[in-house]
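Take a look at the letters that make up each chain.
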Amino acid sequence: MPLPDAHGPLAHAAGTSTADALDVRWNHGVAAWRRPLLGRRPGGPRPEPPIQVHRHDEHTVVLRQSKVLTYEAPFLYLLFGDDRALLLDTGATEDPGLFPLRATVDALIDDWLDRHPRRGAQPYGLVVAHSHGHNDHVAGDGQFAWPGTTVVGRDADAVREYFGFGPGGVPWPTAIAELELGDRRLEVLATPGHHESAITLYDPRTGFLLTGDTVLPGRLYIDDAPAFAASLDRMVDFARHRKITQVLGAHVEMTRRDGRDYPIGARHQPREAPLALAPERLTAVREAVREVAGRSGVFRHRDFVLYVEPSERDMARLLRRGNRRDRARRALELALRPLTAR
Ligand SMILES: [Zn+2]
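Residues numbered from 1 in each chain as written. Predicted model: local features only at pLDDT ≥ 70, side-chain atom pairs only at ≥ 80, totals over all residues. Heavy atoms only, no water.

1. Some points on the pattern of salt bridges
And step 1. Taken as a whole and judged by the stated rule, the model has 22 salt bridges.
And step 2. A salt bridge links Asp237 to Arg240; the nearest nitrogen and oxygen atoms lie 3.3 Å apart. Highlighted residues: Asp237 and Arg240, both in helix H3 (residues 225-240), separated by three residues, approximately one helical turn.
And step 3. Among the residues examined, Arg240 registers a relative accessible area of 57% and is labelled exposed. (Salt bridge = Lys/Arg side-chain N within 4 Å of Asp/Glu carboxyl O. Helix = DSSP H or I, 4+ residues; strand = E, 2+ residues; numbered from the N terminus. Buried < 20%, exposed > 50% of the residue type's maximum accessible area, 1.4 Å probe, protein only.)

Laid out in C-alpha cells, this is it:
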C-alpha cells in the first residue's frame, strides 16, 4: 500500500491510513526436522528472527514473536501518536538476549522520530499496556523499566486506574475509556471474561480492533462465561457504531481447515489461518457464546474454538494432543541426529 506522507507530522497524515487488508506472510515457526540443521553453517539457512516486524503504515507496526522462541508466538502492536507511542503487550519471553523487544521498539521509535522530528521540548513518550495479564503478554515488561516509559500494571486494579475506570472515572466494565497518543485517540473497552483485566482497544486511524486473547483465530479460553458474554455483547454493540476494518487478536492457533486448530505447543504452523478476522466474526463469536450459555465444554466453529470454563478432562485432552505431537517430534529428531551430526 502507498504510505501516507512520510515527512509531515502525524496530523498531516490524518485519514490516509487505510482499510487495507493485513496482507502479511507471518513467520510461523520452523519444522522440527529442519531446526537442528539451521544456523550451523555461515551463510546457511537461519531460523526465524526472534521478532518479525510488519509496518502496516507509517504510524502502525505489528510485531510477532517467533515460534522458534515460544509456541505462544504472540502478536504485539506499536501505535505512534504525535506525543507518544503505545506498545500493546510485551510477549512471552523475559530475557532480552533471546527476545530483544526493547531494542526493537527503541529502533522503531528512533526511526519514526527521524521522520517526524519533535517540535516542542517535551520528549517523546512510550506507554506499555497489556491486552490482559497472562504471562505470554507481559513477560517482557522488565525490559521497559526505564525513565520516560510508563508500564501499566497487569492486574485489573492497575488497568482500571490507568485508563480511568472506576471511582471518579467511567464505570467498569460498561463504559468506554480513552487513551490519547497525540492526534490519535484510542478507545478502550473493558472486556473481561478470558481474564479479569482484559481490554480491547479501538484505533479509529486504522480501524483496528485489538482484542488480545478475547477474540482471535484460535482457542477462546473463557474463564468467566457471564462476563465474557457481556463483553462480547458490548463489543458487538460498539462495532455497530464504528468503522472497524480488522479484528486483530494476539495469537493464531487455527489451521486453514475449518474448525481445526493446531495442537497446543505447536512450534510450526505452516498453514495457519490469517491473523485478521472480519468484523462480522464478532457477531459469530457472540452468537456461539449465547448458544452455549450455562454449559461448559469445547465448541468448535469454523475459525475459532470455544473453551468455555473447560473441565480438567477437556484440558487434559488438549494437552495430550500436544504431547503426542511432541513425542512424534522428538522421535523424528532422534532419528535425524546421525544425519545432522555430520
Ligand atoms: Zn495469550
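Past the structure itself, the notes keep going.
2. With respect to the sheet that holds strand E4 (residues 84-88)
And step 1. The strand order E1-E2-E3-E4-E5-E6 describes an open sheet built from six strands, whose pairing is mixed. The open sheet has two edge strands, strand E1 (51-57) and strand E6 (149-151), and neither has a second partner. Adjacent strand axes in the sheet meet at a mean angle of 15°, parallel and antiparallel pairs treated alike.
And step 2. Of the strand pairs in this sheet, E1 and strand E2 (residues 60-65) are connected by six bridges, and their pairing is antiparallel. Bridge assignment links Arg55 to a residue of E2, and that residue is Val61.
And step 3. Running at roughly 25° to E1, helix H1 (residues 101-115) makes contact with E1, E2, strand E3 (75-80), E4, strand E5 (125-129) and E6 of the sheet. (Pairing = 2+ DSSP bridges. Axes fitted to C-alpha atoms, helices over the stretch in contact; angles between N-to-C directions. Contact = heavy atoms within 4.5 Å.)

3. A few points about the packing of aromatic side chains
And step 1. This model, assessed by the stated rule, comprises seven aromatic pairs.
And step 2. With a centroid separation of 5.1 Å and 90° between ring planes, the pair formed by Tyr162 and Phe163 is classed as edge-to-face.
And step 3. Here Phe163 falls in the buried class, since its relative accessible area comes to 7%.
And step 4. An aromatic cluster is present here, built from Phe80, Trp112 and Tyr124 joined pairwise through their rings.
And step 5. Lying over the aromatic face of Trp172, Arg160 brings its terminal NZ or CZ to 5.2 Å of the ring centre. (Phe/Tyr/Trp six-rings, centres within 6.5 Å; stacked < 30°, edge-to-face > 60°. Lys NZ or Arg CZ within 6 Å of the ring centre and 35° of its normal.)

On their own, these measurements won't tell you what the molecule is for.
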